[in-house]
Every structure is written in C-alpha cells, then in structure tokens.
Amino acid sequence: MAPTLIDLTHPVTTGMPVYPGDPEVELRPALTTATAGVNVLGLHLGSQSGTHVDAPYHVDVTWPTLDGLPLELFTGPAVVADLRGLDPRTGVTASQLAPALASAAPGTILLLATGWPRHWGTDRYLAHPWLTPGAAAAIVAAGVRTVGVDALSIDPTPDPGPADPAVAALLADLSDDHDPAAEAGTLAAHRILLGSPGGAVIAENLTDLAPLLDAQAAGRPIELSLFPLRLVAADGAPIRAVARLG
C-alpha cells in the first residue's frame, strides 16, 4: 500500500476558536495586487492559536523556550490512544492509556484521540476530556516526551459559566470543592509533561484522529511531523501537523 499523508491541522481563519483569554485571530489583506502589485496577508494571532505546540516555557519561565528544543521532539513514530466515547470533562487515567503506552518506546509520539474535533466551533469544545496527573506521570515514566491531543488542551479548560456575575458567584459558592475542573488553574498535566528532563512538547487542537486509529488497527506504521514556526524565545507556535501512514 502506498504511503498516505493526512493533514491534522485546523485551517487558520478569522474568528476561529481560541483558548479563553487568548488573542483573537484575524487575517486581512495588507497589500493587494490592485494597489501594490502583490498580495500580502496581514496576520494577528497568538502563539497558541489553532493547531499548535507548547514548549516548557509555556508554564514556567525557567524552562526551555521553543527555539531551545531539539527538532527530534517534533517528529517520530506515533501510537494512538483511543479515548473516544468519554463523557465531557472526564479525567483520563493511567490505566486508560496503558494499552497505548505498552507499545510506546522512548521517542514515540503519543496521540490522544478523544473525538472532540466534532465539537470544534461550539461551546462544547471547551468541555473536553483531560489528563489526570497520574496519567501524565505514566506518560513520562514510559519515556514519551511528545504528546498530541485532538482537543483544546490536555488539562481541563475552565467553564466560562453564566454571563450574569451574580449567578456565577452563586454557582461558585455551591460548587463541589472536588470538582476536577479545578485542575484547570494548575495546569498539572502540562507541568508534569513539560517538566520532563531534556524537555518535552505538547501538540493541541489536532483534527480528527480516526484515520490514524484505523491505520493503527490495520498494522500500518504512523510517522508524525509537528514542526512549529521558528519563533525566538517563544512559549509555543502554530504548526502544520501531518501524519504519514505507511
């Protein structure tokens, strides 16, 4: 069977979904052939816009920036953990990752297939499954230093809650102190993975990973490329995520 290339990147468009509080994305002509003889696009976006990678510096100013990481972290063989069917805001455990980690040698990229791209562009996209600290620790223990997910984050994304401040305050008073969404503020999984010795990277907002799960089930090898823009001293950058199925 001839190799197949699969694009796992969301198109970058004006008004595309972003993490709450991140810069909005805007694309508009800066120059046009009608006025300048050439077309040049002006871009306004954040380092975490769209399909992107996080460098360790994203969560700790003493950890490596994007340009200080080896290129080997952004490419390699991949294994996919099938996490489809989980309820919204479910914490993924180490035992749920065990089958994938069993075949993930050091240097392997671990992909988390939650099925959440089907909610892209809706409020439900924020209610994705997330990695528990125990699952993140199991990934590090397996020697994996690159993780990708088809969702907004590997940690829980805060629920924006009701627009009415009074209602929001009331719900906060009534909330369960053990609500797993409280992990969102700590970015525990980010810190465990990105704090790995030698550095690590996290790719987020990948598109549907179902074709890769099908390829894996058929015994086809998967090679992944997650190369970012070469931004100096950056916390992350947009990428063109591409899988090569053997």
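Look above for the structure.
Residues numbered from 1 in each chain as written. Predicted model: local features only at pLDDT ≥ 70, side-chain atom pairs only at ≥ 80, totals over all residues. Heavy atoms only, no water.

Q: Lay out unusual backbone geometry with the relevant residues and their values.
A: The backbone of Leu 187 sits at a positive phi, close to 50°, despite the residue not being glycine. In this fold, Leu 187 is placed in the loop between α3 (165-174) and α4 (188-194). Looking at Leu 187, the relative accessible area reads 22%, which means it is partly exposed. One non-glycine residue, Asn 205, lies in the positive phi region at around 65°. If you trace the backbone, Asn 205 turns up in the loop between β10 (201-204) and α5 (210-217). (Helix = DSSP H or I, 4+ residues; strand = E, 2+ residues; numbered from the N terminus. Buried < 20%, exposed > 50% of the residue type's maximum accessible area, 1.4 Å probe, protein only.)

Q: Give me the side chain of Asp 54: which residues, what numbers.
A: As for its position among the elements, Asp 54 is in strand β4 (residues 52-54). In this structure, Asp 54 is buried with no salt-bridge partner, the nearest side chain bearing the opposite charge being Arg 191 at 11 Å. Side-chain polar atoms of Asp 54 contact the side chain of His 52, separated by 3.3 Å. If we skip the residues at most four places from it in the chain, Asp 54 touches Gln 48, His 190, Leu 194, Ala 200, Val 201, Ile 202, Glu 204, Asp 235 and Gly 236. (Lys, Arg positive; Asp, Glu negative; His and termini not counted. Salt bridge = Lys/Arg side-chain N within 4 Å of Asp/Glu carboxyl O. Polar contact = N/O pair within 3.5 Å; in protein donor to acceptor, adjacent residues only side chain to side chain. Contact = heavy atoms within 4.5 Å.)

Q: Explain helix α2 (residues 133-141) to me, using residue names and the numbers behind them.
A: If you check which residues of α2 are buried, you get Ala 135, Ala 136, Ile 139 and Val 140. Down the axis of α2, the buried set is contained in an arc of 140°. They therefore lie on one face. Looking at the packing, one finds that the buried side of α2 touches β6 (91-92), α1 (94-101), β7 (109-113), β8 (130-131), β9 (146-149) and α4. Positioned one or two residues after α2, Gly 143 has a phi angle of 85°, which is positive. (Arc of directions from axis to C-beta.)

Q: Please set out α5 residue by residue, giving values where relevant.
A: What sets the pattern is the α-helix's 3.6 residues per turn: residues three or four places apart point alike. All buried positions along α5 are accounted for by Ala 210, Leu 212, Leu 213 and Ala 215. Buried residues along α5 sit in contact with β1 (4-7), β5 (75-82), β7, β11 (222-225) and β13 (242-245). Gly 219 occupies a position one or two residues after α5 and carries a positive phi of about 80°.

Q: Describe the side chain of Thr 146, and please don't skip the residues or the numbers.
A: You can see Thr 146 is positioned in strand β9. There is a polar contact of 2.7 Å between the side chain of Thr 146 and the backbone oxygen of Leu 73. If near-sequence neighbours (up to four positions away) are discounted, Thr 146 is found in contact with Leu 73, Thr 108, Ile 109, Leu 110, Val 201 and Leu 226.

Q: So what about the packing of α1 against α2? Which residues, and what values?
A: It is at 9 Å that the axes of α1 and α2 come closest, and there the two elements cross at 25°. By the criterion of interaxial angle, the relationship of α1 to α2 is roughly parallel. In the packing of α1 onto α2, the handedness of the crossing is right-handed. On α2, the residues that touch Ala 94, Leu 97 and Leu 101 of α1 are Gly 134, Ala 135, Ala 138 and Ile 139. Among the residues making up the contact of α1 with α2, the classes are represented as six nonpolar, one polar and no charged. (Axes fitted to C-alpha atoms, helices over the stretch in contact; angles between N-to-C directions. Parallel < 35°, antiparallel > 145°, perpendicular 65-115°, else oblique. Left-handed = near helix turned anticlockwise from the far one by under 90°. Nonpolar A, V, L, I, M, F, W, Y, C, P; charged D, E, K, R; others polar.)

Q: Tell me what's going on with the pattern of salt bridges, and back it up with residues and numbers.
A: Scanning the entire structure with this criterion turns up three salt bridges. For Arg 240, the salt bridge identified is with Asp 7, shortest N-O distance 2.7 Å. Of this pair, Arg 240 sits in the loop between β12 (236-238) and β13 while Asp 7 sits in strand β1, and the two are 233 residues apart along the sequence. Glu 26 is the partner of Arg 28 in a salt bridge, and the nearest nitrogen-oxygen pair spans 3.9 Å. You can call Glu 26 partly exposed: its relative accessible area is 36%.

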